[in-house]
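# Inside the fold
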Amino acid sequence: MASDSKTRIAGLLLVPLAWLIMTMLTSALVVAMYLSALLNPELRSALFNNTHAFTFQWSVSLITSLLVWCYSIWVTWIFCKRSRKLPRHYIIWLLITVLLAIKTFAFSPVSDAAAIRTLLIALLAAAVLVPYFKRSQRVKNTFTES
């Protein structure tokens, strides 16, 4: 029986992978929510008959959600491929989630409690996972493929 000499994705590495997949699924739901406005005739007419600023904000939110979703898919792909590029891109991905949480807190019409909860979760994830990806020997041994 041949043994695989490569370090598998296991142990504590399953936590960042689960966080990544959860964010990817959430982003997909947000994109679906934005696109559903185009399928409903009343929402579509309200969207395009409103001010240009509102339509612009909706479009920027849709594009941002699409970009986060696509980047999350790509980071998940290189995570599963155990790419050498993953630690740097995972840290960038975490920082993007923090920036989006700050944007939600500052500019979105959601309750302060929900915005603070989102911001604290993103900050906690970044505070724990960034040092783990920078210093962990497990990460260095796992992500070695080119």
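Before reading on, note that the structure itself is shown above.
In this report, we go over the structure that sits alongside the text.

The rules behind the values
- Residues numbered from 1 in each chain as written.
- Predicted model: local features only at pLDDT ≥ 70, side-chain atom pairs only at ≥ 80, totals over all residues.
- Heavy atoms only, no water.
- Helix = DSSP H or I, 4+ residues; strand = E, 2+ residues; numbered from the N terminus.
- Buried < 20%, exposed > 50% of the residue type's maximum accessible area, 1.4 Å probe, protein only.
- Contact = heavy atoms within 4.5 Å.
- Areas by Shrake-Rupley, 256 points an atom, 1.4 Å probe, with all protein chains shown as cover.
- Lys, Arg positive; Asp, Glu negative; His and termini not counted.
- Charge placed at Lys NZ, Arg CZ, Asp CG, Glu CD.
- Core = buried A, V, L, I, M, F, W, Y, C linked by side-chain atoms within 4.5 Å.
- 1 Å grid on protein atoms, 1.4 Å probe; cavity = no way out; pocket = protein on both sides within 12 Å on 5 of 7 lines; lining within 4 Å.
- Points joined across faces, edges and corners; volume = space filled by probe spheres on them.
- Nonpolar A, V, L, I, M, F, W, Y, C, P; charged D, E, K, R; others polar.

## Quick look at the overall build of the protein chain
Regarding its fold elements, the protein chain presents six helices and zero strands. The C-alpha extent of the protein chain, read off along each of the three principal axes, is 65 × 30 × 20 Å. Split into buried and exposed, the 146 residues of the protein chain put 34% on the buried side. For the protein chain, long-range pairs separated by at least 24 residues make up 71% of all intrachain contacts whose partners lie at least 6 apart in sequence. As displayed, the protein chain offers around 9,500 Å² of accessible surface, 69% of which is attributable to carbon and sulfur atoms. Here the protein chain contributes 14 positively and 4 negatively charged side chains, and the mean placements of these two sets differ by 12 Å.

## Quick word on the nonpolar core
By size, the foremost hydrophobic cluster in this structure holds 25 residues, and its most contacted members are Phe79, Leu86, Tyr90, Leu94 and Phe133. When contributions to this core are tallied by element, the ones reaching two or more residues are α1 (14-39), α3 (52-80), α4 (86-107) and α5 (112-135). Looking at this core element by element, the count peaks at eight residues for α5. In this structure, Leu94 is in contact with Trp19, Ala125, Ala126, Leu129 and Val130, ignoring residues within four places of it in sequence. Membership of the second largest hydrophobic core comes to six residues, among which are Ala37, Leu47, Trp58 and Leu62.

## Considerations on the layout of surface pockets
What the largest pocket holds in volume is close to 1,200 Å³. In this structure, the largest pocket is lined by 29 residues; those nearest its centre are Val30, Tyr34, Ser65, Lys103 and Thr104. Only α1, α3, α4 and α5 provide two or more residues apiece to the lining of the largest pocket. In terms of residue count, α1 provides more of the lining of the largest pocket than any other element does, nine residues in total. Taken together, the residues of the lining of the largest pocket break down into 17 nonpolar, 11 polar and one charged.

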